[in-house]
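Summary of structural features
One-letter residues, chain by chain:
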Amino acid sequence: MNKKQTATRATKIQKKKQALRKQLWGDIAPETIWNRKLNDGYTTIPRTMPIVFQIMDDLSEKSKPISSTYFSLWCRVFDESFIEIKSPDEMAFESGYSGQRAVSTWKARMKILSNLGFIDAKEGASGQYNYVLLKNPYMVIKEHYKNKKIQEGKFNALFARAQEVGAQDLD
């Protein structure tokens, strides 16, 4: 399917969904819903992210989920896949950690993300995670799957969802 066909198909789907939404909820004031084309402050995420998060947390050490830390990084990244972290305190807070051990917990999760290959980090003025590169999570997961570190059912669910949304990274 070429780009024009894909765009035409997307427009048809969008019109069907808008008609169904109007049927179910009537006319909705535009400011009451999120529109990524009108509102600032959004990022692009893979539609498979919920399954990616489950796999990431499974790969992590027991009782040390990493998906919230990864998601806070993802929400700050642009297309260059690179983030400059100026405040570990702020990142710890956004990742869901609070209290006296918030930053040390965040750093521990960052270390796990790095050890698993989801990120690469370089030291700078703000510490060992001043500069962070986010790697393609599909490629990292694919490598862990090859090494038999991921449940087959979860990988298959991720693969099926990726195919459903047109992502070919796992092929």
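You'll find the structure just up there.
Residues numbered from 1 in each chain as written. Predicted model: local features only at pLDDT ≥ 70, side-chain atom pairs only at ≥ 80, totals over all residues. Heavy atoms only, no water.

1. Observations regarding the pairing of strand S3 (residues 127–134)
Our working rule: Whether two strands pair depends on DSSP finding at least two bridges between them. Each helix is a run of DSSP H or I of at least 4 residues and each strand a run of E of at least 2, with the numbering of both proceeding from the N terminus.
Relative to S3, strand S1 (residues 82–84) is paired through three bridges, and the arrangement is antiparallel. By the bridge assignment for S3, phenylalanine 82 is matched with leucine 133. As judged from the five bridges shared by strand S2 (residues 119–124) and S3, these two strands associate in the antiparallel manner. Residue pairing across strands places aspartate 120 opposite leucine 133, the latter belonging to S3.

2. A short note on the packing of helix H3 (residues 67–74) against helix H5 (residues 102–116)
For the record, the criterion: Helix axes are fitted to C-alpha atoms over the stretch in contact, other axes to C-alpha atoms as well, and angles between N-to-C directions run from 0 to 180 degrees. The labels follow the angle: roughly parallel below 35 degrees, roughly antiparallel above 145, roughly perpendicular from 65 to 115, and oblique for the rest. Contacts are assigned to residue pairs with any non-hydrogen atoms lying within 4.5 Å of each other. Ten residues, namely Ala, Val, Leu, Ile, Met, Phe, Trp, Tyr, Cys and Pro, are considered nonpolar, four, namely Asp, Glu, Lys and Arg, are considered charged, and the remaining ones, Gly among them, are considered polar.
At a minimum axis distance of 9 Å, the contact between H3 and H5 shows a crossing angle of 85 degrees. Taken together, the axes of H3 and H5 lie roughly perpendicular to each other. Facing Thr69, Tyr70 and Leu73 of H3, the residues of H5 in contact are Trp106, Arg109, Met110 and Leu113. When grouped by side-chain class, the residues that make up the contact of H3 with H5 number five nonpolar, one polar and one charged.

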